[in-house]
Each structure stands twice: as structure tokens, then as C-alpha cells.
There are 2 protein chains.
Amino acid sequence: MQQNTGQHNEKPEMTRIVLDVMGGDNAPEEPVKAAVDAVNAREDIKVILVGQEDMVQNELSKHTYPAKRIEVVHAQEVIETAEPPVNAIRKKKQSSIVVGMNMVKQNEADAFVSAGSSGAILVGGQVIVGRIKGIERPPLAPLIPTEKGVALLIDCGANVDARASHLVQFAKMGSIYMRDVVGIKNPRVAIVNIGAEEDKGNALVKETYPLLKECADINFVGSIEAREIPRGEADVIVCEAFVGNVILKLYEGLSATLIDAIKKGMMSTLKSKIGAALALPALKSTLKTFDVSQYGGAPLLGLTGLVVKTHGSAKAGEITNSIFQCVTFKEKDINGKIRKNIAD
Amino acid sequence: MQQNTGQHNEKPEMTRIVLDVMGGDNAPEEPVKAAVDAVNAREDIKVILVGQEDMVQNELSKHTYPAKRIEVVHAQEVIETAEPPVNAIRKKKQSSIVVGMNMVKQNEADAFVSAGSSGAILVGGQVIVGRIKGIERPPLAPLIPTEKGVALLIDCGANVDARASHLVQFAKMGSIYMRDVVGIKNPRVAIVNIGAEEDKGNALVKETYPLLKECADINFVGSIEAREIPRGEADVIVCEAFVGNVILKLYEGLSATLIDAIKKGMMSTLKSKIGAALALPALKSTLKTFDVSQYGGAPLLGLTGLVVKTHGSAKAGEITNSIFQCVTFKEKDINGKIRKNIAD
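Just so we're clear, the structure is a prediction, and the values are computed from it rather than from any experiment.

**Some words on the overall build of chain A**
Part 1: When its secondary structure is counted, chain A shows 12 helices and 11 strands.
Part 2: Over its C-alpha trace chain A gives a radius of gyration of 21 Å, about what one expects of a compact globule, namely 20 Å for 344 residues.
Part 3: The principal-axis extents of the C-alpha atoms in chain A amount to approximately 65 × 60 × 35 Å.
Part 4: Relative to its 344 residues, chain A shows a buried fraction of 59%.
Part 5: Taking the intrachain contacts of chain A between residues at least 6 apart in sequence as the baseline, contacts between residues at least 24 apart amount to 73%.
Part 6: Summed over its atoms, the accessible surface of chain A is roughly 13,900 Å², and 50% of this surface lies on carbon and sulfur atoms.

**Side note on the relation of the copies chain A and chain B**
Part 1: Once chain A has been moved 0.0 Å along the axis and rotated by 180 degrees, it coincides with chain B to within an RMSD of 0.0 Å. The symmetry that links the two subunits is that of a two-fold axis. Identified as the residue of chain A closest to the rotation axis by C-alpha distance is A:Gly275, at 1.8 Å.
Part 2: With an isologous cut-off of 70% or more, the 100% of interface residues of chain A that recur at the interface of chain B puts this contact in the isologous class.

**Concerning helix α12 (residues 334-343) of chain A**
All names here are of chain A.
Part 1: Taken together, the buried positions of α12 are Ile334, Asn335, Ile338, Ile342 and Ala343. Take α12 and look down its axis: the buried residues cluster within an arc of 95 degrees, on one side only.
Part 2: Buried positions along α12 lie against α7 (164-182) and α11 (316-331).

**Brief notes about unusual backbone geometry**
Part 1: A cis amide bond, omega 0 degrees, links A:Ala27 with the succeeding residue A:Pro28.
Part 2: In this fold, A:Pro28 is placed in the loop between β1 (15-20) and α2 (29-41).
Part 3: Of note, A:Asn107 is a non-glycine position whose phi angle comes to about 60 degrees, a positive value.
Part 4: Overall, A:Asn107 belongs to the partly exposed group, its relative accessible area being 46%.
Part 5: Positive phi is not limited to glycine here, since B:Asp161 has a value of about 55 degrees.
Part 6: Relative to the helices and strands, B:Asp161 resides in the loop between β6 (149-154) and α7 (164-182).

**Remarks on the interface of chain A and chain B**
Part 1: Contacts between the two partners involve 49 residues from chain A, matched on the other side by 49 residues from chain B.
Part 2: For the pair chain A and chain B, the summed buried area comes to about 4,700 Å², and 76% of that belongs to carbon and sulfur atoms.
Part 3: When the buried area of chain A at its contact with chain B is split by residue, A:Ile194, A:Phe242 and A:Leu250 rank highest and sum to 15% of it.
Part 4: Counting every contact that joins chain A to chain B gives six salt bridges.
Part 5: We note a salt bridge from A:Arg231 to B:Asp260, for which the minimum N-O separation is 3.4 Å.
Part 6: Across the contact surface, chain A and chain B share eight residue pairs in polar contact (both at pLDDT 80 or more).
Part 7: Taken together, the elements giving at least two residues each to the side of chain A that touches chain B come down to β7 (188-193), α8 (203-214), α9 (241-266) and α10 (270-288) of chain A.
Part 8: Top element by residues in the side of chain A that touches chain B is α9(A). It accounts for 20 residues.
Part 9: Of the residues that constitute the side of chain A that touches chain B, the class distribution is 28 nonpolar, 12 polar and nine charged.

**Observations regarding the sheet that holds strand β9 (residues 236-238) of chain A**
Residues and elements named next belong to chain A.
Part 1: Read across the open sheet, the five strands follow the order β5-β6-β9-β7-β8; overall the sheet is mixed. Single-partner strands in this sheet number two, and they are β5 (143-146) and β8 (219-225). Each strand axis lies, on average, 30 degrees off the axis of its neighbour in the sheet, ignoring direction.
Part 2: Two strands pair when backbone bridges link them, and β5 and strand β6 (residues 149-154) are joined in this way by four bridges, in the antiparallel orientation. Bridging across to β6, Thr146 finds its partner in Gly149.
Part 3: Contacting β5, β6, β7 and β9, α7 crosses the sheet at an angle of about 150 degrees to β6.

**Description of the pairing of β7(A)**
Along any regular strand, the residues point their side chains to alternate faces of the sheet.
All names here are of chain A.
Part 1: Most of β7 sits out of view: five of its six residues are buried.
Part 2: Bridging between β7 and β8 involves six bridges; their strand directions are parallel. Looking at β8, one finds that Arg188 is bridged to Asn219.
Part 3: The handedness of the β7 to β8 crossover, carried by α8, is right-handed.
Part 4: Inspection of the sheet shows β7 paired to β9 by three bridges, in the parallel sense. Pairing of Val189 across the sheet is with Val236, part of β9.

**A short note on the packing of aromatic side chains**
Residues and elements named next belong to chain A.
Part 1: Applying the stated criterion across every chain yields a total of four aromatic pairs over all chains.
Part 2: Centroid distance Tyr209 to Phe220: 5.2 Å. Interplanar angle 75 degrees. Geometry classified as edge-to-face. Separated by 11 residues along the polypeptide, Tyr209 in helix α8 and Phe220 in strand β8 bring together distant segments of the chain.
Part 3: Exposure remark for Tyr209: the relative accessible area of 9% places this residue in the buried category.

Definitions and limits used
- Every chain is numbered on its own, with residues counted from 1 as its sequence reads.
- To read the labels, note that chains go from A and ligands from 1, taken in the order they are written.
- Note on the predicted model: pLDDT of at least 70 is required for a residue's local features to be given, and 80 or more for side-chain atom pairs to be given and counted; whole-chain, interface and lining totals, by contrast, use all residues.
- For side-chain calculations, the full set of non-hydrogen atoms in the structure is used, while hydrogens and water are omitted.
- Here a strand is any run of E in DSSP of at least two residues, a helix any run of H or I of at least four, and the numbering for each starts at the N terminus.
- When we talk radius of gyration, it's over C-alpha atoms, and the globule rule is simply 2.2 Å times the number of residues to the 0.38.
- For each residue, the accessible area found with a 1.4 Å probe, counting protein chains only, is set against the maximum for its type, and the residue is called buried under 20%, exposed over 50%, and partly exposed in between.
- Every residue pair with non-hydrogen atoms within 4.5 Å of one another is taken to be in contact.
- Residue burial considers only the protein chains on display, and all accessible areas are found by Shrake-Rupley using a 1.4 Å probe.
- When the copies are overlaid, the least-squares fit takes in C-alpha atoms only where the residue has pLDDT of at least 70 in both copies.
- Within this analysis, the arc is defined by the directions that extend from the helix axis to the C-beta atoms.
- A quick way to say it: buried area is the sum, across both parts, of accessible area lost when two parts are put together, with a 1.4 Å probe.
- Think of a salt bridge as a Lys or Arg side-chain nitrogen and an Asp or Glu carboxyl oxygen that are within 4 Å of each other.
- We call two N or O atoms a polar contact when they sit within 3.5 Å, provided that within protein one can donate a hydrogen and the other can accept it, with sequence-adjacent residues counted only if both atoms are side-chain atoms.
- We call Asp, Glu, Lys and Arg charged. Ala, Val, Leu, Ile, Met, Phe, Trp, Tyr, Cys and Pro are nonpolar, and the rest, Gly among them, are polar.
- By this definition, two strands are paired if DSSP reports at least two bridges between them.
- Here an axis means a line fitted to C-alpha atoms, over the contact stretch when the element is a helix, while the angle between two N-to-C directions is reported on a 0 to 180 degree scale.
- The crossover handedness rule: strands pointing away from the viewer, path from first strand over the helix to second strand clockwise, crossover right-handed.
- Between 30 and 60 degrees the pair is tilted, below 30 it is stacked and above 60 it is edge-to-face, where a pair is any two Phe, Tyr or Trp rings, Trp via its six-membered ring, whose centres lie within 6.5 Å.

Structure follows, in C-alpha cells:
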């Protein structure tokens, strides 16, 4: 391990990403393919694949890639999705998640990407990688599709019942991320609420709203009702994790249900079947804009290194996008900005 | 007014519904049309139209209907959607909402239906009509469409930061409503959560979960993640009003955005346009199942009379359905059951 550190440090411009090869529904094929695609696409990326070595090497042997920029680190254990996260992180020291996160902690890598257990990734991020000093709580912040592009939904993590001061930090971190990683100028920050007026909301929102209004370093546009989220009325959507989780899951569930229903409906008569066949290519490209996977994974912000959670069902494309995200994250020194602007 | 009471009491089997003619985007045309349709469809309905009399009579004159079963009660004032609700209810004593709700309070009518200001209807329901003794908080409970039919989302009202005991009452009231008004046998009751396990959730859910498990009179099936709601995995979906509001609004917003995007996508090429034309009838009937308006309005439960809020954009069809809902509500003695099973 120490040798690796030496090697990595020779080329400081290289972004070193640890990729969990054991996590998600499509492991190890898709993560390995993603790593190969990433190093073939860009020369400034090194991927460290963490998982059961035999399996990983076997999968790697199917591909062509610059050998120097893919490394394999053995990790015998696997944390399953159903395992209680705190226990799993504590006991499975040889799991791909624990081994990979330890590399980030020890600065042997810049980022950790996994499609594995959300719970374990959230717990591991906090207890292994650790928070930036001054950051009270690390939010999980997925990008969700809107009519106009994407918005950052912050927080969707496992730590519910947040305080107002947490939400203010989420707003600031989210703003930096959308500006510097996603490239939105002066991102509009809104807080999820049940009405547009300042006096609306629950106790948490009422306490947070004036604090956000006072922040000089964000473009706070006020409350956003859930109805306006798909219309793209804000770029950074601030909420407590329980509410964020409900929004994220309903987004996924309702889109899937509606699209299924539409497909089924179009197959119901001969006439509509012919219509469907003609309209399908156009329809597919529309629906693709509502496919969350194309935007890469969700960063867990405010940690000393970057941790990215991709969908459990992630294919190579999403994982490769997540790897590129990590490069931008490092290049733009997001953590330096979080330290300077928020944590101090 | 006293004369009216006398008339109503002659036929106790008649359901007397006060309809706000001034509320909503389509007033007075659509409410008046709805009243006419309702009394023409069923002989056991009497509708009392509350609003500016000249305007209502003028609108009524366009229709044919049994004159004895539509009455007009004059109310000069109108509460606008943007008005602060508490003030509006207090000051506009001659508004259609206040006049109409007072008729329910004084048992001159069984139910009040309005497409007007949600806030004013929620406030008026509590301060004018009043809660059933023992009911801690009256929830607003819209029906939302799912793959398998509809589910009752309880609570989506204006009173946020609920307590566990409120949620238990919501579960019981929702269960009675779905069984006796909507006709679902042994309705499955679930609590909105961020995971399926019993130990997941925020403080409120963790406190409420074991209380719901103990309820012998409901079919509690545990937690529901927001992703499963559109799949129809529960019939009564219990949550605190802030979360319920987010679910309801996102449901409306995301469906509308997706359907718009699909329509636009299908108009993008000549080929897809032809396809769209062929597939459109089938598509429309599919999308109709996801149109909330066909199921009528949202009842505000736990009041001494029934108050129903329809969508602001409600057309006659939705309002007529809401009127029929009120008849079933009375016939099945929902309030008697709420008193007996919950409030005692």
C-alpha cells in the first residue's frame, strides 16, 4: 500500500479513483468496463479496482487498456445491501467499501465510487473518510432531471431530523458543487416548502429560511414547492434528508410507473402499436433526458475525500460519468472551497 | 335560513350539499353545471349554491333541472386564493366559504364543497365547522392515482409538525374512508418512510410505527418508500402534512412535466408525428387513469360535517364526483364511525 502511495505522488496531476468492483447489481462486469472506458478516454485518470482479485483480474483480461493506470487491490469481503450498515462497516474490515474508503482516508486515492449498499457508504463516509472540520453533517446530493437540465437535491442521506445550521451548510456546499462541477453560473438555491410565502412551512423551514436569506455567498431564491421541481425552477434544492429521500424515490418511482403505463397503453390496439413503432425513437430520446443515470452518481459532500454513490443498477456509462465527476471535483478543488467558504 | 332548515328536514334521506360557486378557476360556470348534473343524475341530492346571487341565477338560467333541488343562497364576498386564510375567514363573514360552512355547522347542510382557497377551507373547516370531539387534528386526504387504482394520502393539510397520536388517528380515519367511501376491502395502511425496516425513519415515524402496529382495527402493512406509492402498494398512506404536501405536489408536477415532454418529443419528427396521431387515443386513455380530477376532491376528515376541497382547476366532472362522494359519506355514516371508533 505504501508503495502505491509513492507511485501516486509522482504524478500529482493524476486523479486517483478507487472503484468498488463488488457493489451494485451489475458487479463486477460493469464497474470493470467503466474503469477501462475511463482510463481509455482520459490520460489524467488512474482507477484502483477494489474487490476479489481473481474475479477482477478475470474480468479485466477481457479488455484492452493502459495497464499502468488500472490497479487491483484485493478485498475479500462483500457488504450486502441488506446488512445493517454500522455493523457491516465495523466488522467487515476486508470489504471493498472499507478497504477502498481507507485508501481515501490515507490519501492513497482522491475519491471512492461505489454502487454498493447506500447505508454502508453513508456510514463509512462519515466514520472512515471523515468530515471536513467544521462541517456538521455530510449530505448525499444526487442530481435529478428536470425540464431544463438537472438540479441538485441536497440532502437525501441517512441522517434525518436535520437542524437549520445543517441546511445552511447544505445550501452552500450544493451551490459550490453546481457552479464548479456541473457548470451552472450563479446557481439558484431554493428550500423545499409547502407554499411560496416566507411564513409558510414547518418549524425547520421557518427557522432556516431567514438564515438562507442572510447568506451573501449564495443566490437564494426562496421557497420551492415540490410541483415546481420538475420544471427546473431551482438548481440547488435544499431539504432535510427525510423529505429529500421522499422526493428522490417518488421521482424514480413515478417516472418508471408512468413510462410503463404509457408503453402498455401504446401496445393496447393495433393502430396504437403502429403509432408506437413510428414514435418510439423520438419518445426514447425524450425519456432519456429523464433518465437519472446519465448524470453520474450522488456525491457525499463535506468529507475530507470525495465519496460518490452510484445507483445500485448502474451500468458502465453511469459509473464512467461518476469517475469523470471525481476528476472535475478534484480539479476545481471543491473541498478546498468548502473548507474556505463554509467550514471556517 | 331557518325556513331552509325546515324544508331540508322534511326529507331526511336527502343529502344536502352546499357548493361554493365563487371558488376555483372555472367559477361560476363549472360549479353550476356540476350542481345541475348532480341533481339530474340522482334524486337524493339537494345542492345549495352559495355565491353572488345575480351571477348564479344568470348561470342557472342556462340549464334545465328540478328547481326544488337547487337552492341559491346569497354571499356577497369572495375569498381570493392569495389572501392570508385566518384573516380572510375572520373578516369576510359574507364570503361564500364562511356562509357555506356556517350552514354545515348549523346542520342546514351535510357537506360543503369548494374549489376555492385551500388555506381558507382548511382554516374555516376547523374554526367554523369544528372538529369532532376527541379528534386532535383534521387531516386533508386527497386520493392519488396509482397503477392499481387510487390511494388516500393522509395528511396533506396545512397543519405541519404533527405528533404520533395525530398520525394514528389519520390512519384510522383514512382506513374507514377507503373502506366505506371508496369501497376497498380491508385497506392496507402504510406509513411513509425512507426504508422498509422498522428501525428506519425520523423521530416521528419511529414513534408512530409501534403505535400503528398495535392498532387492532386497521390493516397496518408497515413502511412504504415513496418509490412504491405509484405502484399501489398501499391504500392508505399515512404521513405528516409537510411530507404529504411534497408527495402530492410532486405527483402533480412530475406527471404534468413528463406528459408534456412526451407530447413534445412525439412532435419532434414527421415520423413520430404520424405515430403520435395513431397512438394518441390509446395514450389518452392511459393518461386518464393518472388524472387525479376524475376521483373527486379531497375530504377534510374529522369535522362535525364534511368539507371537500376540489382542485382549483376543477371542471364540472370533478365537482359532480365530489358531490356524489358526499352522499356516500353521509349514507355510510362515516362521521358516526369516526366518533365511535376513534374519537371515544
